[in-house]
Amino acid sequence: MSGFFVVIPARYASTRLPGKPLLDLAGKPMVVRVAEAAQRSGAQEVIIATDDERIIAAAAAHGHLAVMTRADHVSGTDRVAEVARFFGWPEEAIVVNVQGDEPLIDPAHIDAVAGALVIDREASMATAAHRIHDLTEFMSPHVVKVVTTSNGRALYFSRAPIPWHRDGLAARPAVLPPELEVRRHVGLYAYRVGFLRRFGSLAPAPLEQWEALEQLRALWHGFHIHVIDYAHPPVPGVDTPEDLERVRKQFVALH
């Protein structure tokens, strides 16, 4: 899969890790490590989208393209949409939103979500999921679950435990029934540019606000989201100081 764009939204501010995009990982800023991973995908161009000149400078110092975007965006999707407008990409072009705190992202995963929009021409977005087998994860509101149609389109995303196996869980409430296919949503998205341009003007949906899940706005307004499956969970990103130390150790081992 080739011919798509990758945009990496990278805000300087972070509650738990201030200046997170510029934190050092084996001699390079985190956002540069993310860009390097994205460049190993089939993307024709990788662009860092930020709200801070320090990130622009760090990207340039390592040979990566970065653009300044507005500071008041409420989501990474809005920042990606601004970049698409800035470059004037065509409506049918595909853009993958790669989060700036996932330096160990698998380039094949980026290719896969972009490729899903090539295969499913009626889908406006694509994302990913993987199967989970742990009851604690299934019940946790911090784990977003997704259910799909037989052809891979999202029916619903929820923090609630879905789908609910009425009889199986009634019989053994402490164990996930082995036949119950529970899938955890992975926050990697591909979009068609035409949809990106419309998304910001769509009215927020009640479901989106109740669940605090932005992708429900697309489903609420009738857009299709294609969901691909990963065989294994992706490597977690960096949200906490503990995550940072874990990833630093992995980069030291790699380099």
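Residues numbered from 1 in each chain as written. Predicted model: local features only at pLDDT ≥ 70, side-chain atom pairs only at ≥ 80, totals over all residues. Heavy atoms only, no water.

Q: Please explain the environment of V7 as it appears in this structure.
A: Locating V7 in the fold gives a position in strand β1 (residues 5-10). In this structure V7 comes out as buried when scored by relative accessible area, which is 0%. As for V7 and V96, which are separated by 89 residues in sequence, their C-alpha atoms are 6.2 Å apart. (Helix = DSSP H or I, 4+ residues; strand = E, 2+ residues; numbered from the N terminus. Buried < 20%, exposed > 50% of the residue type's maximum accessible area, 1.4 Å probe, protein only.)

Q: When you look at the nonpolar core in this model, what are you seeing that I'm missing?
A: Nonpolar side chains tend toward joint burial in soluble globular proteins. Core analysis: the largest hydrophobic core is formed by 34 residues, its most contacted members being V6, I8, I48, V96 and V98. Those residues in contact with V98 that sit more than four places away from it in its chain are V6, V7, I8, P9, V34, I105, I110 and L188. Residues A84, M125, A154 and F223 belong to the second largest nonpolar core, which totals 32 residues. (Core = buried A, V, L, I, M, F, W, Y, C linked by side-chain atoms within 4.5 Å. Contact = heavy atoms within 4.5 Å.)

Q: Quick question: what am I supposed to make of the packing of aromatic side chains here?
A: Aromatic ring pairs are defined here through the distance separating the ring centres and the angle between the ring planes. Inspection of the entire model under this criterion finds seven aromatic pairs. Measuring from ring centre to ring centre gives 3.9 Å for F5 and W89, while their planes differ by 10 degrees; the resulting arrangement is stacked. Of this pair, F5 sits in strand β1 while W89 is found in the loop between α3 (76-87) and β6 (94-97), placing the two residues 84 residues apart along the sequence. Accessibility expressed as a relative area gives 7% for F5, which makes it buried. A residue is classified by how much of its surface remains accessible, and W89, at 6% relative accessible area, is buried. Between F195 and F199, the ring centres sit 5.5 Å apart and the planes meet at 55 degrees, which makes this aromatic pair tilted. Remark: F199 and F195 occur in helix α7 (residues 193-199); sequence separation between them is four residues, near one turn of the helix. Accessibility expressed as a relative area gives 4% for F199, which makes it buried. Cluster of aromatic residues (ring-pair linked, three or more members): F5, F86, F87 and W89. Across the ring face of Y12, the terminal group of R54 is positioned such that the distance to the ring centre comes to 3.8 Å. (Phe/Tyr/Trp six-rings, centres within 6.5 Å; stacked < 30°, edge-to-face > 60°. Lys NZ or Arg CZ within 6 Å of the ring centre and 35° of its normal.)

Q: Sorry, what's going on with the pairing of strand β8 (residues 145-148) here?
A: On any regular strand, side chains alternate: one points to one face of the sheet, the next to the other face. Here β8 shows a buried face lined by K145 and V147 and a second buried face lined by V146 and T148. Relative to strand β9 (residues 154-158), β8 runs antiparallel, the two being bridged by four bridges. Counted as the bridge partner of T148 is A154 from β9. Where β8 folds back on β9, the antiparallel hairpin that results is connected by five residues, among which G152 adopts a positive phi of roughly 90 degrees. (Pairing = 2+ DSSP bridges.)

Q: How do you make sense of unusual backbone geometry when you look at a structure like this?
A: Backbone torsion omega between I162 and P163 reads -10 degrees, so that peptide bond is classified as cis. Topologically, P163 is positioned in the loop between β9 and α6 (166-171). We note that A26 has phi near 50 degrees; this positive angle belongs to a residue other than glycine. Position of A26 among the secondary structure elements: in the loop between β2 (24-25) and β3 (28-29). Of the residues examined, A26 reaches a relative accessible area of 34% and is grouped as partly exposed. Residues other than glycine seldom take positive phi values, yet A212 does so here, at roughly 60 degrees.

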